[in-house]
Protein chains: 2
Amino acid sequence: MPESSNSPPKSNSKKMRRQEAEALILSAAEKVFSEAGFGGATMQLIADVAGLPKANLHYYFPTKESLYRQVVQKIFLDWLKAADVFDHADGPAEGIGAYIDAKMEISRRHPEGSKVWASEVMHGAPVIQDYLETTLKEWTDGRIAVIERWIAEGRMDAIDPRHLLYMLWATTQHYADFGHQIATLNGSTELTDAQWQEAKENIKRIISRGIGARD
Amino acid sequence: MPESSNSPPKSNSKKMRRQEAEALILSAAEKVFSEAGFGGATMQLIADVAGLPKANLHYYFPTKESLYRQVVQKIFLDWLKAADVFDHADGPAEGIGAYIDAKMEISRRHPEGSKVWASEVMHGAPVIQDYLETTLKEWTDGRIAVIERWIAEGRMDAIDPRHLLYMLWATTQHYADFGHQIATLNGSTELTDAQWQEAKENIKRIISRGIGARD
DNA sequence: TCTGAACTTGACCATACGGTCAGGATGATC
DNA sequence: GATCATCCTGACCGTATGGTCAAGTTCAGA
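Please read these numbers as outputs of a predicted model, since none were measured by experiment.

A. Geometry of the relation of the copies chain B and chain A. In the superposition of chain B on chain A (RMSD 0.0 Å, axial shift 0.0 Å), the rotation amounts to 180 degrees. Read as a symmetry element, the transformation amounts to a two-fold axis. Across chain B, the rotation axis passes nearest the C-alpha of G210 of chain B, at a separation of 1.9 Å. A share of 100% of interface residues in chain B that are also interface residues in chain A marks the association as one of identical surfaces.

And the structure:
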């Protein structure tokens, strides 16, 4: 219901509402942080991308770090939400397949978020360590229980659920985080619709057969 | 033959040889760049880690960017070299298995390098774009040819070689790049020898079965 | 012992950065 | 149209950064 409009943020009208301004800044910040990293990003550049004076950013977000924290939190929540498909499935091929589709769609539509997350974790998660230890751990444990149930029911081979999850994350996020490398190897062209489809099918096929899924 | 010594770089003796000093600086730089990213790293911190005055770094490496470039180049060459195991194999299970072992060993022993590479690519490869377009492309094309031969010989299913390679890179490098997240989910403990072994076995098993390898 | 090239370094500089602030603009409410 | 909380912003500040430099130090070879 409170969905923000998708129109280009070109509005020159003064007096934005708080929610609107924060969304605009967060969007610009996500792009800049993903392109330059936390250390390489500057408040001035984020302001330029958002089309606002730098001082205005500090009105909504007191510090660079607080802005960054909110960017990462937003990404994490979107990412967790999209993972629910895992549960509404009967067996591993269906559940994991749907999860791969969902995560590949995120990699395609929101690669910036994936890159910011990767950068944050690679640098030791200084800002979202607590999320890793609480929310992510709980989510992971829940999914591990589902996979163990599938194994117990003979619906797939006895694969270590942890390493399977890491493989799913790694493979799907790779298409966002290393999208530039993939595009370069693709003749310096972004993947087409068909190539994204191929990628998804390949991943689903290899993993589904690899774990001996038999829903 | 011209292998540098493995002794701790604590030497206080003056007048290092050029090779020795450069190796010391490159090692410190790799660590700092991997922890902070290019933008977040400072020459002062690299100097502190190397145990040298900052001005000395600029004697060997004129600019921060030139130092960074050499760090990335060194990583890339090590990484390519370790990939030769791919060719000296009879079939996919053996070749890909050996490649997974080699890359996992790199992820375990030199996670810093993997992180620097990931960071560079994620930010659009501003420094090593030419490597992607030439050396990496050639290496990739060579490996694709090998995989296509295996497929033609009926030694594995008809999987798109590109996406298979991306999956191998993604999965193995994930253990370096996201090592902090993995350790956190592992009860805030680094993976043990046995857990690394499990990880390798899981990956090899899933992919080997997933592509229908029959050496 | 002398020479000179290679190396080392403390002090310094210009710039760019994150962040502050005072004062102005806006618009909903009465 | 007066009030006032919210929002906006140009100008400014202290600091930290990448990089420079000139004055040293070291040591192999003559």
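B. View of the interface of chain B and chain A. Taken together, the 54 residues of chain B in the interface contact 54 residues of chain A. Interface area for chain B against chain A, summed over the two sides, is near 4800 Å², with a carbon-plus-sulfur share of 63%. Residue D157 of chain A is joined to R205 of chain B by a salt bridge in which the shortest nitrogen-to-oxygen separation is 3.5 Å. Where chain B meets chain A, there are 18 residue pairs in polar contact (both at pLDDT 80 or more). Of all elements in the fold, only α1 (18-40), α6 (111-122), α7 (129-152), α8 (161-177), α9 (179-185) and α10 (193-210) of chain B reach the threshold of two or more residues within the side of chain B that touches chain A. Ranked by residue count, the leading element in the side of chain B that touches chain A is α8 of chain B, at 12 residues. Looking at the side of chain B that touches chain A residue by residue, the class counts come to 23 nonpolar, 20 polar and 11 charged.

C. Broad picture of the packing of helix α5 (residues 92-109) of chain B against α8 of chain B. Residue and element names in this part refer to chain B. The geometry of α5 relative to α8 is characterised by a closest axis approach of 8 Å and an angle of 30 degrees between their N-to-C directions. Looking at the two axes, α5 sits roughly parallel to α8. Between α5 and α8 the crossing geometry is right-handed. Listed contacts from α8 to I96, Y99, I100, K103, M104 and S107 of α5 are L164, L168, W169, T172, Q173, Y175 and A176.

D. Fine view of unusual backbone geometry. Residues and elements named next belong to chain B. Backbone geometry at A125 places phi at a positive 50 degrees, although glycine is not the residue there. By the element assignment, A125 lies in the loop between α6 and α7. Among the residues examined, A125 registers a relative accessible area of 1% and is labelled buried. Even without being glycine, S188 reaches a positive phi, approximately 55 degrees. Of the residues examined, S188 reaches a relative accessible area of 52% and is grouped as exposed.

E. Focus on α1 of chain B. Spanning 23 residues, α1 of chain B covers only 27 Å between terminal C-alpha atoms, well under the ideal 33 Å at 1.5 Å per step. Looking at α1 of chain B, one finds that the buried residues are A21, L24, I25, L26, A28, A29, E30, V32, F33, S34 and G37 of chain B. Buried positions along α1 of chain B lie against α6 (111-122) of chain A together with α2 (43-50), α3 (54-60), α4 (64-81) and α6 of chain B.

F. Fine view of the packing of aromatic side chains. According to the stated counting rule, one finds 32 aromatic pairs over all chains in the structure shown. Arranged with centres 5.8 Å apart and planes meeting at 45 degrees, the rings of Y166 of chain B and W169 of chain B form a pair that is tilted. With Y166 of chain B and W169 of chain B both in helix α8, this residue pair falls 3 residues apart, about one helical turn. Considered together, Y166 of chain B and W169 of chain B belong to a single accessibility category, that of buried residues. By the ring-pair criterion, three or more aromatic residues cluster together here, those being F76, W79, F86, Y99, W117, Y131, W139, W150, Y166 and W169 of chain A together with Y175 and W196 of chain B. Just above the ring of F38 of chain B sits the side chain of K64 of chain B; from NZ or CZ to the centre is 4.5 Å.

G. Examining the domain arrangement of chain A more closely. Residue and element names in this part refer to chain A. Assigned domains within chain A: domain 1 (18-62) and domain 2 (73-210). For domain 1 versus domain 2, the distance between C-alpha centres works out to 28 Å. Buried area between domain 1 and domain 2, both sides added, is near 470 Å², and the carbon and sulfur share of it is 66%. When the area that domain 1 buries against domain 2 is broken down by residue, the three leading residues are L26, E30 and S34, summing to 78%. Here domain 1 is connected to domain 2 by 0 salt bridges. Our enumeration of links across domain 1 and domain 2 arrives at 1 residue pair in polar contact (both at pLDDT 80 or more).

H. Just the nonpolar core, in detail. L67 and L164 of chain A together with L67 and L164 of chain B are the most contacted members of the largest nonpolar core, which totals 132 residues. Setting aside residues up to four positions removed in sequence, L164 of chain B forms contacts with I206 of chain A together with I96, I147, M156, I159, I207 and I211 of chain B.

Calculation notes
Residues numbered from 1 in each chain as written. Chains lettered and ligands numbered in written order. Predicted model: local features only at pLDDT ≥ 70, side-chain atom pairs only at ≥ 80, totals over all residues. Heavy atoms only, no water. Least-squares fit on C-alpha atoms with pLDDT ≥ 70 in both. Contact = heavy atoms within 4.5 Å. Buried area = accessible area lost by both parts, 1.4 Å probe. Salt bridge = Lys/Arg side-chain N within 4 Å of Asp/Glu carboxyl O. Polar contact = N/O pair within 3.5 Å; in protein donor to acceptor, adjacent residues only side chain to side chain. Helix = DSSP H or I, 4+ residues; strand = E, 2+ residues; numbered from the N terminus. Nonpolar A, V, L, I, M, F, W, Y, C, P; charged D, E, K, R; others polar. Axes fitted to C-alpha atoms, helices over the stretch in contact; angles between N-to-C directions. Parallel < 35°, antiparallel > 145°, perpendicular 65-115°, else oblique. Left-handed = near helix turned anticlockwise from the far one by under 90°. Buried < 20%, exposed > 50% of the residue type's maximum accessible area, 1.4 Å probe, protein only. Expected span 1.5 Å × (residues − 1). Phe/Tyr/Trp six-rings, centres within 6.5 Å; stacked < 30°, edge-to-face > 60°. Lys NZ or Arg CZ within 6 Å of the ring centre and 35° of its normal. Domains from an automatic or database assignment. Core = buried A, V, L, I, M, F, W, Y, C linked by side-chain atoms within 4.5 Å.

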